[in-house]
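# Chain and residue survey
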Amino acid sequence: MAGLKYISHYPEHIQDQAKALIEADRLGDYLKQKYPEAHQLQSDKALYQYVTELKNRHMKNVGTLSQVSYNSKLKVLKQALGIHTHQSRVQGSKLKSHNSITVASVFKEAPLEFLRMIVVHELAHFKESDHNKAFYQLCTHMQPDYHQVELDMRLWLLWQELENNES
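Residues numbered from 1 in each chain as written. Predicted model: local features only at pLDDT ≥ 70, side-chain atom pairs only at ≥ 80, totals over all residues. Heavy atoms only, no water.

## Examining the overall build of the chain
The helix and strand inventory of the chain stands at 7 helices and 3 strands. When the elements of the chain are put in sequence order from the N terminus, they spell out α-α-α-β-α-β-β-α-α-α. When burial is assessed residue by residue, the chain has 43% of its 167 residues classed as buried. Within the structure as shown, the chain displays about 9900 Å² of accessible surface, and the carbon and sulfur contribution to it stands at 47%. (Helix = DSSP H or I, 4+ residues; strand = E, 2+ residues; numbered from the N terminus. Buried < 20%, exposed > 50% of the residue type's maximum accessible area, 1.4 Å probe, protein only. Areas by Shrake-Rupley, 256 points an atom, 1.4 Å probe, with all protein chains shown as cover.)

## What about the packing of aromatic side chains?
Considering all chains together, one arrives at 5 aromatic pairs under this definition. Taken together, a centroid distance of 5.8 Å and an interplanar angle of 55° make the contact between Phe114 and Trp156 tilted. In this pair, Phe114 is assigned in helix 5 (residues 112-124) and Trp156 in helix 7 (residues 146-166), connecting sequence segments 42 residues apart. For the pair Phe114 and Trp156, a shared accessibility class is recorded, and that class is buried. (Phe/Tyr/Trp six-rings, centres within 6.5 Å; stacked < 30°, edge-to-face > 60°.)

## Description of the side chain of Lys55
On the secondary structure map, Lys55 appears in helix 3 (residues 44-58). Buried within the structure, Lys55 lacks any salt-bridge partner; Glu53 is the closest side chain of opposite charge, at an N-O distance of 12 Å. Polar side-chain contacts of Lys55 include one of 3.0 Å to the side chain of Asn56. Apart from residues no more than four positions distant in its own chain, Lys55 is found in contact with Lys60, Val62, Gly63, Leu65 and Leu123. (Lys, Arg positive; Asp, Glu negative; His and termini not counted. Salt bridge = Lys/Arg side-chain N within 4 Å of Asp/Glu carboxyl O. Polar contact = N/O pair within 3.5 Å; in protein donor to acceptor, adjacent residues only side chain to side chain. Contact = heavy atoms within 4.5 Å.)

## Here's the deal with the packing of helix 3 against helix 5
Contact geometry of helix 3 with helix 5 gives a least axis separation of 11 Å together with a crossing angle of 60°. Considered as vectors, helix 3 and helix 5 are oriented oblique to each other. For the pair helix 3 and helix 5, the sense of crossing is right-handed. Residue-level contacts link Leu47, Tyr50, Val51, Leu54, Lys55, Arg57 and His58 of helix 3 to Leu112, Leu115, Arg116, Val119 and Leu123 of helix 5. In terms of residue class, the contact of helix 3 with helix 5 is built from 8 nonpolar, 1 polar and 3 charged. (Axes fitted to C-alpha atoms, helices over the stretch in contact; angles between N-to-C directions. Parallel < 35°, antiparallel > 145°, perpendicular 65-115°, else oblique. Left-handed = near helix turned anticlockwise from the far one by under 90°. Nonpolar A, V, L, I, M, F, W, Y, C, P; charged D, E, K, R; others polar.)

## Focus on the pattern of salt bridges
Per the stated rule, a full pass over the model turns up 4 salt bridges. Notably, a salt bridge pairs Lys5 with Glu161, separated by 3.2 Å at the nearest N-O pair. In this pair, Lys5 sits in the segment before helix 1 (12-23) while Glu161 sits in helix 7, placing the two residues 156 residues apart along the sequence. Relative accessible area serves as the criterion here: at 24%, Glu161 is assigned to the partly exposed category.

## Things to note about unusual backbone geometry
For Asp25, which is not glycine, the phi torsion reads 55° and is therefore positive. Residue classification places Asp25 among the exposed positions, given a relative accessible area of 59%.

## Some words on the nonpolar core
What tends to happen in soluble globular proteins is that the nonpolar side chains get buried as a cluster. With 50 residues, the main nonpolar core has Val51, Val103, Phe107, Phe114, Leu115, Leu123 and Trp156 as its most contacted residues. Looking at this core, the elements with two or more residues in it are helix 1, helix 2 (27-34), helix 3, strand 1 (65-71), strand 3 (94-104), helix 5, helix 6 (133-142) and helix 7. Examining the composition of this core, we find that 10 residues originate from one element, helix 7, more than from any other. Once you skip the residues sitting within four places of it in the chain, Trp156 turns out to touch Leu31, Val106, Phe107, Glu109, Ala110, Pro111 and Phe114. (Core = buried A, V, L, I, M, F, W, Y, C linked by side-chain atoms within 4.5 Å.)

As structure tokens, then:
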């Protein structure tokens, strides 16, 4: 069996449960039952609208998002599933900010909960740069089941990889 790289930092009992699902060929069934549908946010424009709505609902004082997009090379190049950038520039007597979020294209085919988890994670970085207690509190404020969805998303990535290796 391939290594459990997406969940290697989780406790052993969780890894054991994942291994049991994989060995019984039931990981896909578990995920499909829990998250039956993929979302319909296929374009960068639709993603931008979705992310802006989330930002406005939970983080009104974060500046306007300049760009939100999918990127097919993100996972390969940066070993990341999402990236946020924040730049502040002086233009004359004003301070202009440029905020952007890039999401790995693999999430075009994912359930909405997984896409939301990635977006929530990247939005939280606009307030908290480190993965600390305040960061995760902000994530759970925006998505109360954040930690469970993160685990399930990692299992989904593992399942996708296993499926691709079989074909």
